[in-house]
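As a plain string of letters, each chain reads:
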Amino acid sequence: MSFFNVKTRSAWLCLVIGTFIGFYSAHLSAAPLLDLSGADFSEQNVHPLDTEWGIIWNRFSSPTIVPETTQPYVIPSVWNNVVRPDGQQGPLGAATLYLDLKLPKNIEGVYLKLSDLPSAGVVWANGIKVIEQGTPALSAELEQPGYSSKTAYISAKQERIRLAIHTSNFHYKEGGFWSSLLITGPSGLNQLVTLPTILDSALTVLLLIFGGLFISLYLARKKETAALFFGCFCLAVGFRNGITGEHILNNLLPVLTWNISERLEYICFYISVPLFIAFVNRLYPHYQSHKTEIVFSAIAVTFSILTLALHSTQYTLLAIPYQAIASVAVIYILRIAILAFLHKRKSAILFGLSCLIFIVSFILDLLTHNMILQLPMVTEWGVTAFLILQAWLLNQRYAFSLTNEELLSERLQRQNIQLQKIDAMKDDFLAQTSHELRTPIHGISALSDLVLKQEQNIDKDSQTNLRLIHSSSIRLANLVNDILDLSSIKHNNLKLSLTSVSVAPLIEQVTTSLRPLLKGRPVTLQTKIPDQIPNVMADEDRLQQILFNLIGNAIKFTSNGHINVIVEQEPNEKLKISIRDTGLGIDHSETSEIFEAYKQGQQQGEVLGGHGLGLTITKDLLSLHNSELQVRSIPGHGSTFYFTLDTTTYLPKSVTAITKKDTASTAEDRRETYRPDMIPEAQAQQPQSQHALVVWAVDDEPINLQIIQNQLTTFGYQCRCFSSGQQILEALPEYEQPDLVLLDIMMPGMSGLEVCRAIRKQFSALELPIIMLTALQQTQDIVQAFEAGASDYITKPYNQPELHARVEAHLKASLSHELAQNNERLISELEAKEQLETRLQKLESVLSHLSISQFPDQTSNQLPSQTANESSVSASPESDINLAPGLNRATKNRINLVKAARLAIRVWEKHTGKTKASLAEESKIWRVYIDGGSIKTRTLDKYLNEQTLPKNPRWRSVIKTIDFVLLNCDLEETEKSELTSYISLIEQSQM
């Protein structure tokens, strides 16, 4: 029994063990088998595990026991379209995959490499975990995606190796395995891991280095914008390459998690497209489309923002439409390459070849990535070839630019040497010429002054002209002296005679000499000097010259307000002198330019006059005094020029007092320049004839006005002169309209162009011609003048016959236009008269058929009176307005002006028996002209018809005419009342 029991137990044990082994063996055989027993693992061979695997959906099964319900799944492929047992499909989900490997018997172990997974996965070999990428899970909340490429060693002691993979995807647009699992023997490890890592690292480093290199080239040479965009493109592609493939940057920088790396990968892809387009556009700008670049840039920015804002399952879907956009960009780039090749542009063949290599590799990898083709990734090789060719191309371009720059630099150096020689010759010429000019200038000045003092019988006009000659010669002498001073300073030949100078009397002397220049202007010139101030160490003549320049400039550019000369004691044994004004001010961007030689003051683009040497010489003279001229200014609020001088208690060693030498200019000369009796006032010249045409002249130089006035008077014209644009604009409503205006462009305050625009708002070119009379000769100046409304343009210096011819031509054209208007008005009046006569004839015909007995006698007596009244102008202003209640106020005012002028003329003719021409001539309110032997009143005639009435009628002239009639005619009370009513209505309309 005991034996039986032992035997029985042994049998049962064997049965159980056999059953378990059979059951286990049956389940092991359920996994697909990949037989690699005949494969060669001795060489550097890599074998892909591309075969059918068994898959269990939505659970993580045991890595050793394969369930019976497996479903076939081919690696590599995505599982988006695979239908699962529950009928579901899509990229999201989890699964367990199985595969049995049969290896050669003589191999001890193999290396397994797992490339990218969509999200996370763990690989088991015979129940041992060998590779882990992230943490797979059955839900998105628990899953932790991983992003790396890993390799593991698997022992091959057993003939079969069971591989199991737990994988999940809840973060990417595609699930499954898009890359092959690779296996190799010990000798193939370099081929499997080392070589791809080296190639990927080399390409990443190469891209990043190229990016930094070309950006640095751009920083060194800002014009090479192609290098900037190519460098940025290299950085974008290089960074993307570093976080894909072998994940070089992920292994180096653990901070680059799956979430960060995935977003950066997409953003780098998006921005690389517009960067490359921008690079190609800069390389061949002849064929670029700026709008195309903007569109692609906007699309890239939009996709990048969406990538940052959306979840990974959403933003990863954006790659598909952007691939289509990138394809359009490829077509655009190919178009430029073809056009460059056809037009034989430089390096077009090399550029086209590099683009072709890159585009082909890009398309192949795009097809491989979308599982259309089964090819190895070749982008790195295409990018490498592209980079080498493009780098060589840009290097050639940069080398060509450097060569050109060197050639240009050498050429500029030669030209600079030549210009320096020419400049030295110019300085010598100016110095020699100036010295030669001083003798005749002195003769002109001395002789004109002598004639003025000795000749007592000279008429007033000749005296004025002699003073102008004397003043002009002094100004010319000062200009010559300034040129000599500047030349002396430039060649270090100007020496100072330093002495102890009292500042207060010197400032008072200068301000007293300059104060007459403020005559007629609301500007006060004041000094603020302490009672006790020390003397300064300076050259007295040069200090006086400095003060004349600075205070004279302040007077020149200040139209109202005040000018203060302030002296202050500084704590460091210095004396500070400031000239503060409330003038135009200087823009901050121009403060450094005003001290340059021949730079003239400007306002609103107009040069304000002068020769541009005063501040330059002043600054240089102060430098010789170991001082510096400084300025503070606010445009529209004035400027302050100030400098400091050493007091006599402290004398720097760098300044040495020397013997006073002969200088180019003296203070006496400069005081002579500003003598008030040498500056003629611009006044309206009394006309020689009441019938002469009137010309208004505007110039800020009194000498120019005097010359123009003399010339116009010689031509037989009346001339009225104005020294500023504001004066003529204020005079236009007050005086009778001139026949022509001569206008200077360069004037302080309001430029000639602004004055011309303002006049053109009131008068057309035919109504009032404007001739620009200026020293500006550039084409752009002439164009600006005609754009402002000028009728003609004469450059200074001009000759008298030219001025006469042009003035006369424009006056004739204006007169012809006015005569044409008058003819049109007369024609319209004749037509109206014919219509009235026709109506009267019809009325007379009707009346002739009626019986006279049907009308009272008084009716027949009143009929002619009524008919006359129909053709005459009503004398009642109130009835005139009430007759047209629908008219606006402006129209009623114009009607009242016309009716008032008609009434005044009718009353004048009635009580004096004289004509309207006599009224115009005797009142001196309206101009008269002699045409064909008879006196004409062109201007007054315009006020007798509403159609010819000027746009801006001079209503004061109409009132003055009525007043003249009231004073010079013995009128009835009703007539006085009617005229007075019109005066009231006109005045009220202007309020």
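Residues numbered from 1 in each chain as written. Predicted model: local features only at pLDDT ≥ 70, side-chain atom pairs only at ≥ 80, totals over all residues. Heavy atoms only, no water.

The subject of this paragraph is the overall build of the protein chain. On a plain count of helices and strands, the protein chain comes out with 27 helices and 29 strands. For the protein chain, with 991 residues in total, the buried portion stands at 43%. In the protein chain, 73% of the contacts between residues at least 6 apart in sequence involve partners at least 24 apart. Accessible surface for the protein chain amounts to roughly 51500 Å². Of this, 57% is attributable to carbon and sulfur atoms. (Helix = DSSP H or I, 4+ residues; strand = E, 2+ residues; numbered from the N terminus. Buried < 20%, exposed > 50% of the residue type's maximum accessible area, 1.4 Å probe, protein only. Contact = heavy atoms within 4.5 Å. Areas by Shrake-Rupley, 256 points an atom, 1.4 Å probe, with all protein chains shown as cover.)

Strand order in the open sheet formed by five strands is β24-β23-β25-β26-β27, and the pairing between neighbours is parallel. At either end of the open sheet lies a strand with only one pairing partner, and these are β24 (718-722) and β27 (792-795). Neighbour-to-neighbour, the strand axes of the sheet open up by a mean angle of 20°, direction not taken into account. Of the strand pairs in this sheet, strand β25 (residues 740-743) and strand β26 (residues 770-774) are connected by three bridges, and their pairing is parallel. Across the sheet, the residue bridging to L742 is I771, located in β26. With respect to the sheet, helix α16 (residues 702-715) is in contact with β23 (694-698), β24, β25 and β26, its orientation differing from that of β24 by roughly 170°. Relative to the sheet, helix α18 (residues 752-760) contacts β25 and β26, its axis offset from that of β26 by approximately 175°. (Pairing = 2+ DSSP bridges. Axes fitted to C-alpha atoms, helices over the stretch in contact; angles between N-to-C directions.)

On to the nonpolar core. By size, the foremost hydrophobic cluster in this structure holds 58 residues, and its most contacted members are F230, F233, F276, F279, Y284, Y322 and F351. Counting only elements with at least two residues in this core, the list comes to α2 (189-220), α3 (225-242), α5 (258-283), α6 (290-309), α8 (319-342), α9 (348-369) and α10 (379-454). By residue number, the principal contributor to this core is α5, which donates 12 residues. Formed by 41 residues, the second largest nonpolar core is a distinct cluster that contains V503, L550, I594 and I617. (Core = buried A, V, L, I, M, F, W, Y, C linked by side-chain atoms within 4.5 Å.)

This part takes up the pairing of strand β6 (residues 93-102). Among the 10 residues of β6, nine are classified as buried, and the element is accordingly described as predominantly covered. Relative to β6, strand β1 (residues 33-35) is paired through three bridges, and the arrangement is parallel. Residue pairing in the sheet places D35 in a bridge with K102 of β6. By the bridge criterion, four bridges tie strand β3 (residues 51-57) to β6 in an arrangement that is antiparallel. Following the sheet pairing, I56 is matched in β6 by T96. Pairing between β6 and strand β11 (residues 160-169): 10 bridges, direction antiparallel.

Further remarks concern the pattern of salt bridges. According to the stated counting rule, one finds 12 salt bridges in the structure shown. Measuring nitrogen to oxygen at the nearest pair gives 3.3 Å for the salt bridge that ties K173 to E174. A residue is classified by how much of its surface remains accessible, and K173, at 7% relative accessible area, is buried. Classification of E174 as buried rests on a relative accessible area of 13%. Of the charged contacts, one joins K574 and D646 as a salt bridge, the two residues approaching to 2.6 Å between their closest N and O atoms. Taken as a pair, K574 in strand β18 (residues 574-581) and D646 in strand β22 (residues 638-646) lie far apart in primary sequence, 72 residues in all. (Salt bridge = Lys/Arg side-chain N within 4 Å of Asp/Glu carboxyl O.)

The next point concerns the confidence of the model for the protein chain. Per-residue pLDDT for the protein chain averages 78, and the proportion of residues at 70 or more is 81%. In this model, residues 20-29 is a region of pLDDT below 50 whose contacts with residues beyond four sequence positions or in other chains number eight contacts. (pLDDT = per-residue confidence, 0-100.)

This part covers unusual backbone geometry. With an omega of 5°, the peptide bond between I75 and P76 qualifies as cis. Mapping P76 onto the fold places it in the loop between β4 (71-75) and β5 (77-78). Phi at N126 is positive, roughly 55°, even though this residue is not glycine. Considering the arrangement of structural elements, one finds N126 in the loop between β8 (120-125) and β9 (128-133). Despite not being glycine, N626 has its phi angle at roughly 55°, a positive value. By relative accessible area, N626 is classed as partly exposed at 36%.

It is worth spelling out the packing of α5 against α6 at this point. The geometry of α5 relative to α6 is characterised by a closest axis approach of 9 Å and an angle of 170° between their N-to-C directions. In this view, α5 runs roughly antiparallel relative to α6, as classed from their interaxial angle. Here R263, Y266, I267, Y270, I271, V273, P274, I277, A278, N281 and R282 of α5 come into contact with α6, specifically with E293, F296, S297, A300, F303, S304, T307, L308 and A309. Looking at side-chain class alone, the contact of α5 with α6 contains 13 nonpolar, four polar and three charged residues. (Parallel < 35°, antiparallel > 145°, perpendicular 65-115°, else oblique. Nonpolar A, V, L, I, M, F, W, Y, C, P; charged D, E, K, R; others polar.)

For the rest of this paragraph, the subject is α18. Burial analysis of α18 places seven of its nine residues in the buried class, the great majority of the element. By the burial criterion, the buried members of α18 are G752, L753, V755, C756, A758, I759 and R760.

Moving on, we get to the packing of aromatic side chains. On inspection of all chains with the given rule, the structure shows 22 aromatic pairs. Between Y266 and Y315, the ring centres sit 5.7 Å apart and the planes meet at 80°, which makes this aromatic pair edge-to-face. Of this pair, Y266 sits in helix α5 while Y315 sits in helix α7 (residues 312-315); the two residues are 49 residues apart in sequence, bridging distant segments of the chain. On the accessibility criterion, Y266 (5% relative accessible area) is buried. Judged by its relative accessible area of 0%, Y315 falls in the buried class. Here a set of aromatic residues connected by ring pairs shows up, and it is made of F210, F214, F230, F233, F276 and F279. Taking the ring centre of Y642 as reference, the NZ or CZ of K576 above it sits at 4.6 Å. Across the ring face of Y735, the terminal group of R720 is positioned such that the distance to the ring centre comes to 4.3 Å. (Phe/Tyr/Trp six-rings, centres within 6.5 Å; stacked < 30°, edge-to-face > 60°. Lys NZ or Arg CZ within 6 Å of the ring centre and 35° of its normal.)

With seven of eight residues buried, β18 is to be regarded as a mostly interior element. Sheet topology places strand β17 (residues 561-570) next to β18; eight bridges connect them, and they run antiparallel. Within β18, the position partnered with N564 by the bridge is R580. Hairpin connection, β17 to β18: the antiparallel pair is bridged by three residues, and E573 has positive phi, about 55°. Sheet analysis places β18 next to β22, joined by seven bridges and oriented antiparallel. Residue pairing for β22: L575 is matched across the bridge by L645.

A sheet is described by the order of its strands in space; here four strands give the open sequence β2-β13-β7-β10, paired in antiparallel fashion. Two strands lie at the open edges of the sheet, namely β2 (46-48) and β10 (150-155), each paired on one side alone. Strand-to-strand twist across the sheet, computed as the mean angle between neighbouring axes with direction ignored, equals 25°. Where β2 meets strand β13 (residues 182-184), three bridges bridge the pair, whose relative direction is antiparallel. Residue pairing in the sheet places P48 in a bridge with L182 of β13. Helix-sheet contacts for α2 involve β2, β7 (109-114), β10 and β13, and the interaxial angle to β7 is about 35°.

This part covers the state of the cysteines. Evaluation of the coordinates by the stated rule reveals zero disulfides. The thiol of C721 is unpaired, and the distance to the nearest cysteine sulfur, on C719, comes to 3.8 Å. (Disulfide = S-S within 2.5 Å.)

Looking at where R475 falls in the secondary structure, it is placed in helix α11 (residues 460-490). Spatially, the C-alpha atom of R475 lies 9.8 Å from that of I441, the residues being 34 residues apart in sequence.

Turning to a nonpolar patch on the surface, a few remarks are in order. The grouping of L334, I338, F341, L342 and I349 at the surface amounts to a nonpolar patch, some 500 Å² of accessible area in total. Structurally, I338 can be placed in helix α8. (Patch = residues over 30% accessible without salt bridge, like charges linked within 9 Å, V, L, I, M, F, W, Y side chains within 5 Å.)

On to the packing of α3 against α5. Running from N to C, α3 and α5 cross one another at 160°; their axes reach a closest spacing of 8 Å. On the basis of the axis angle, α3 is roughly antiparallel to α5. The two elements α3 and α5 meet at a crossing, and its hand is left-handed. Across the interface between the two elements, T225, A226, F229, F230, C232, F233, A236, V237, F239 and R240 from α3 touch L264, E265, C268, F269, I271, S272, L275, F276, A278, F279, R282 and L283 from α5. Residues that form the contact of α3 with α5 fall into these classes: 17 nonpolar, two polar and three charged. (Left-handed = near helix turned anticlockwise from the far one by under 90°.)

Every buried residue of helix α19 (residues 779-788) is accounted for by D781, A785 and A788. Angularly, the buried residues of α19 cover 65° about the axis, an arc narrow enough to put them on a single face. In α19, the exposed positions that point more than 90 degrees away from the buried face belong to T779, Q780 and E787. Buried residues in α19 make contact with α18, β26 and β27. Backbone geometry just downstream of α19 places G789 in the positive-phi region, at approximately 115°. (Arc of directions from axis to C-beta.)

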